[in-house]
Amino acid sequence: MIASKISLIGYSDLGTQTGQALTNMSRIFYEKNRLERVYCRGVSESPIPKSAISEPIPFGNYIPKFLTGVNRYIYEEFDNYEYSSKLFDIFTSRKITKDISSINLHYTPGYTETLEKGKSAGKEIVVRGSSELVEAANERYRSELEKFDIDFEISEAHKKYARDRRVSLQKADKVIALSKFVKSSYVDAGISEKKITVIPLGIDESQFPMKREYEKSNFTALFVGSVNLLKGIPYLLQCWNNYGWKNRENAKLQLCGSIEPEIKPILEMYESDNISTPGVVDPLEYYHGCSVFVFPTLTEGFAKAPIEAMSTGTPVIVTGNSGVDDIIEDGKEGFIIPTKDTGEIDDKLRYFKENPKEIQRMGEKARETAKKYTWDRHVGKVLNTLDE
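Nothing here was measured: the structure is a model prediction, and the numbers come from that model.

Trainee: What am I meant to see in the side chain of T92 here?
Mentor: Within the fold, T92 resides in helix α3 (residues 80-93). The residues touching T92, leaving out its near neighbours within four places in the chain, are I9, Y39, P56 and T114.

Trainee: Any chance you could explain the pairing of strand β2 (residues 35-43) here in plain terms?
Mentor: Looking down a regular strand, the side chains alternate between one sheet face and the other. In terms of burial, β2 is largely enclosed, as seven of its nine residues are buried. Note that β2 and strand β3 (residues 53-54) share two bridges and pair parallel. Following the sheet pairing, Y39 is matched in β3 by S54.

Trainee: Mind showing me how you'd approach the sheet that holds strand β8 (residues 219-224) here?
Mentor: What links the strands of a sheet is backbone hydrogen bonding, and the strands pair in either a parallel or an antiparallel sense. Within the open sheet, the six strands sit side by side as β10-β9-β8-β11-β12-β13. Their pairing is parallel. The open sheet has two edge strands with one neighbour each: β10 (275-279) and β13 (334-337). The mean angle between the axes of side-by-side strands here comes to 20°, regardless of whether they run parallel or antiparallel. Pairing between β8 and strand β11 (residues 292-295): two bridges, direction parallel. Across the sheet, residue L222 finds its bridge partner in β11, namely F293. Its contacts with the sheet place helix α12 (residues 342-354) against β8, β11, β12 (316-319) and β13, and it is angled at close to 170° to β13.

Trainee: I'm lost on helix α5 (residues 134-147) in this one. Help?
Mentor: Under the 1.5 Å per step criterion, the end-to-end length of α5 is 20 Å for 14 residues, consistent within 8% with the ideal 20 Å. Of the positions making up α5, those classed as buried are V134, A137, N138, Y141, E144 and L145. Down the axis of α5, the buried set is contained in an arc of 125°. They therefore lie on one face. In the core, the buried residues of α5 are packed alongside α6 (156-171) and α8 (233-242). Once α5 ends, the next one or two residues include D149, with phi positive near 55°.

Trainee: How should I be thinking about the sheet that holds strand β5 (residues 124-129) in this particular structure?
Mentor: Across the sheet, which stays open at both edges, the seven strands sit in the order β3-β2-β1-β4-β5-β6-β7 with parallel pairing between neighbours. The open sheet has two free edges, formed respectively by β3 and β7 (196-198), since each of these has just one partner strand. Strand direction decides the pairing type here: β5 and strand β6 (residues 174-177), joined by four bridges, are parallel. What sits directly across from V126, in β6, is K174.

Rules behind the numbers
- Residues numbered from 1 in each chain as written.
- Predicted model: local features only at pLDDT ≥ 70, side-chain atom pairs only at ≥ 80, totals over all residues.
- Heavy atoms only, no water.
- Helix = DSSP H or I, 4+ residues; strand = E, 2+ residues; numbered from the N terminus.
- Contact = heavy atoms within 4.5 Å.
- Buried < 20%, exposed > 50% of the residue type's maximum accessible area, 1.4 Å probe, protein only.
- Pairing = 2+ DSSP bridges.
- Axes fitted to C-alpha atoms, helices over the stretch in contact; angles between N-to-C directions.
- Expected span 1.5 Å × (residues − 1).
- Arc of directions from axis to C-beta.

Just geometry here; none of it tells us what the structure is for.
Next up, the structure:
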């Protein structure tokens, strides 16, 4: 029996860190002779031949990059991602019926026009759910805006984008959710539980090798990711301020990643000499230099940064909404805490600060667990789901 061919559709760049999952999935599909074509935003470097790649938007990723520049340097409230991904959907829908794939795997939800064209051509539609239902996440966001008295409106374009994502999940023949938390949000929205399979992400552990030694003289708590409200950063800052961490000797907090506009006033409010915001960084040296990785997110699909940190032998403190709580046990690779609980963040930080031997013990266990979650494992489970 000849295995069915798969077209992979993802608004991301092949060969980049942000597009790493798309890159690895494309590569393994190709190696297993299952890839018909990958439709992507652009190509940085490719592990597969050009004949198997399509960049549907004219001029590749130049237009999306231009729109990103408008958002970054001219008008911060411009929804560049929503408009760019819609362009991608429109142009991909014009090409998808011409390939010979039997399965269209949407890397993220929301490509409604491409989905309809694929269905009309008799293709099976599988949508990969990488995050909580956007409308549910928007409600969390609105609640946080009100709580911290931040004047920031969710745009109509983003609301339509959220609806498109929900519609594509509802119309898909199968859904791959990256965590139990994601699956739960879809079921709550009325999406059939029977068509949802949970498959955690993978990493390339060789890119995140074990740290050579554990720092004992200083205590560093690290966060890597987008510095924004939904990542729970205000609660981490409140903990640092209210429980005396800002005055502790040999203790520091590093918040690595792009800083979203709405959180800048909160960062200024809790400014401290031992809090740093290095911006977007190569995280490896920070994983190697930290004592513990803290990820207090309110909503996530499957957070990649915590498992990268685990791969380097760093214990983690994560919430039950992180996705990572699916693969670790509380008290073994680190701790699982409730969202928004500053007292629990303090308690777990204090535990590691006062028990430095536990940092190494849990860190070594974290490394063992992370090594199990490879890209081959992830993509193998995806293929098993597609072939059912």
